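# Understanding the architecture of this molecule
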Amino acid sequence: MIVLKPFTAADFQQLIDWIDTEELLTSWSGSLFSFPLTIDSMQWYVQDTNMPGQSDAFVFKAVESSTGETAGHISLGSISWKNKSSRISRVFVSTAFRGRGIGKQMINAVLKIGFEELGLHRIALGVYENNKAALNCYLQCGLKIEGISKDILWYKDAYLSMVDMAIMEDEWKALQV
């Protein structure tokens, strides 16, 4: 079982250690960061986050509740308070915790925060088409494919397309029964 806690500058080094290849960095952040990740390059990332009603982003670490070990990272950003919408992004499960359903727990936890605590109506995300494990996880959590943004990222001499997914508040509530 995981709990989401605020991701702070004290957590930078662990994330840097996890994201140790350009491929992992691209999968995690697209073109937002350059490889290699550095503490300096991450300073802006947690600035002005995690303030309900004011922030447009909530950045979390996923902590395994029985051991206290950090198992992953996830953010809920691009919040539009007017439209009651947001995007899940930068989802990463530590290699040591993969295959245990941690990703699904993280998604469900951030959906709960978005819908129950923040009062959002719509939560979306994008996942590269080659990330089949993540795509299946998101489908299991109730997100639906809305479309595909073709050839959105040039990586390793080929384009990657983005699968756009979302879930509405009423769809999420129906899954909680």
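In this text the structure is predicted, and so the values were computed from the model without any measurement.

### Remarks on the environment of glycine 101
- Its location among the elements puts glycine 101 in the loop between strand E4 (85-93) and helix H4 (102-117).
- Once the C-alpha coordinates of glycine 101 and cysteine 137 are considered, the two residues, 36 residues apart in sequence, prove to be 8.5 Å apart.

### With respect to the side chain of serine 86
- In this structure, serine 86 sits in strand E4.
- Sequence-distant contacts of serine 86, that is, excluding residues within four places in its chain, are made with Leu76, Gly77, Ser78, Ile79, Leu120, Arg122, Ile123 and Ala124.

### Section: the packing of H4 against helix H5 (residues 132-140)
- Close contact between H4 and H5 brings their axes to 9 Å; oriented N to C, the two are set at 50°. Here H4 lies oblique to H5, going by the angle between them. Where H4 crosses over H5, the handedness of that crossing is right-handed. Residues Gly103, Lys104 and Ile107 of H4 pack against Cys137, Tyr138 and Gln140 of H5.
- Taken together, the residues of the contact of H4 with H5 sort by class into 3 nonpolar, 2 polar and 1 charged.

### Examining the sheet that holds strand E1 (residues 2-6)
- Overall, mixed pairing links the 7 strands, which are arranged E1-E2-E3-E4-E5-E7-E6 in an open sheet. Two strands close off the open sheet at either side, each with one partner strand: E1 and strand E6 (144-155). Pairwise comparison of adjacent strand axes, ignoring direction, gives a mean angle of 30° for this sheet.
- Of the strand pairs in this sheet, E1 and strand E2 (residues 57-64) are connected by 5 bridges, and their pairing is antiparallel. The partner of proline 6 across the bridge, within E2, is phenylalanine 60.
- Strands in contact with helix H2 (residues 22-29) are strand E3 (70-80), E4, strand E5 (122-128) and E6; relative to E4, the strand with the most contacts, it is inclined by about 160°.

Rules used in this analysis
- Residues numbered from 1 in each chain as written.
- Predicted model: local features only at pLDDT ≥ 70, side-chain atom pairs only at ≥ 80, totals over all residues.
- Heavy atoms only, no water.
- Helix = DSSP H or I, 4+ residues; strand = E, 2+ residues; numbered from the N terminus.
- Contact = heavy atoms within 4.5 Å.
- Axes fitted to C-alpha atoms, helices over the stretch in contact; angles between N-to-C directions.
- Parallel < 35°, antiparallel > 145°, perpendicular 65-115°, else oblique.
- Left-handed = near helix turned anticlockwise from the far one by under 90°.
- Nonpolar A, V, L, I, M, F, W, Y, C, P; charged D, E, K, R; others polar.
- Pairing = 2+ DSSP bridges.

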